[in-house]
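Architecture and fold: a report
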Amino acid sequence: MMKTPAKSSEGALVLFSGGQDSTTCLFWAKKHFSSVKALCIEYGQKHSLEVELARKIAEEADVPFQLLDASVIGGLSANSLTDPDIEMDEEKPERSCPNTFVPGRNIFFLTFAAVIARNHGIRNLVTGVSQTDFSGYPDCRDTFIRSLNVSLDLAMEEQFIIYTPLMWLDKKQTWELADRMGVFDLVKEKTLTCYNGIPGQGCMKCPACKLRKEGLDKYLEEKSW
């Protein structure tokens, strides 16, 4: 939400799933803060491999990794990311959120992150949400993040800063940022963005894979000029 100095002496807590966006944000945070912690949240997602890869990437990045069990989130609503019996929407419905939307997920994630950060004396939170490529998820919008930031400050008598490095970037620009951070190959080969739980290029069919590939193709085409 706010611009960072070239290198802050403060620490940051990154919400980290091991996917393209959060991995890019993890290395962005390492560039901008003196110390970084990664918080991975198990929310009842169908693919445990996501957590395993997140742990490995954090280890490779030399970042302390914490896993929080919040699997209750997945059972609070009907959605295709946590319920194997629900067939995934491959396109966004005209007048509603796709069923890959997990209601309340980012409210819970950022609230948990703020509580944990506070216990570590950290006031900087980093999340990979994007309004440009938000897939119809209302809790990825800038207005929501700003509103929640105020609520967290009021709830805990703190001055948190929620950083959203990808908020105004499309997927092509996100690939470009990963390249600038020196982790293009890591993001391309070792992250898991796929809703069907396939690392790297993924299944190539789900909405997340389609968006990721479209951005990658555009970036590689531009880079080859």
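Note: the structure precedes this text.
Below is a summary of the structure that appears in this document. (Residues numbered from 1 in each chain as written. Predicted model: local features only at pLDDT ≥ 70, side-chain atom pairs only at ≥ 80, totals over all residues. Heavy atoms only, no water.)

Quick look at helix α7 (residues 207–223)
- Across its 17 residues, α7 extends 24 Å between first and last C-alpha, which sits within 8% of the 24 Å expected from 1.5 Å per residue.
- Within α7, burial applies to A208, C209, R212, G215, L216 and Y219. Buried residues in α7, looked at end-on, bunch into an arc of 135°, giving them a common side.
- If you follow the buried residues of α7, they end up packed against α1 (20–32), α5 (171–180) and α6 (184–190). (Helix = DSSP H or I, 4+ residues; strand = E, 2+ residues; numbered from the N terminus. Expected span 1.5 Å × (residues − 1). Buried < 20%, exposed > 50% of the residue type's maximum accessible area, 1.4 Å probe, protein only. Arc of directions from axis to C-beta. Contact = heavy atoms within 4.5 Å.)

Concerning the pairing of strand β3 (residues 65–69)
- In terms of strand pairing, strand β2 (residues 33–42) meets β3 through five bridges, oriented parallel. Looking at the pairing, I41 lines up with L68 of β3.
- For the handedness criterion, the β-α-β arrangement of β2, helix α2 (residues 49–60) and β3 is classed as right-handed. (Pairing = 2+ DSSP bridges. Right-handed = clockwise from strand over helix to strand, strands pointing away.)

Quick look at the side chain of S130
- Structurally, S130 can be placed in the loop between β4 (124–126) and α4 (142–156).
- Classification of S130 as buried rests on a relative accessible area of 6%.
- Within the structure, the side chain of S130 is placed 3.2 Å from the backbone oxygen of L166, a separation counted as a polar contact.
- Within the local environment of S130, its side chain forms a polar contact with the backbone oxygen of L169, the two atoms lying 3.1 Å apart.
- Discounting chain neighbours no more than four positions away, the residues touching S130 are C140, L166, M167 and L169. (Polar contact = N/O pair within 3.5 Å; in protein donor to acceptor, adjacent residues only side chain to side chain.)

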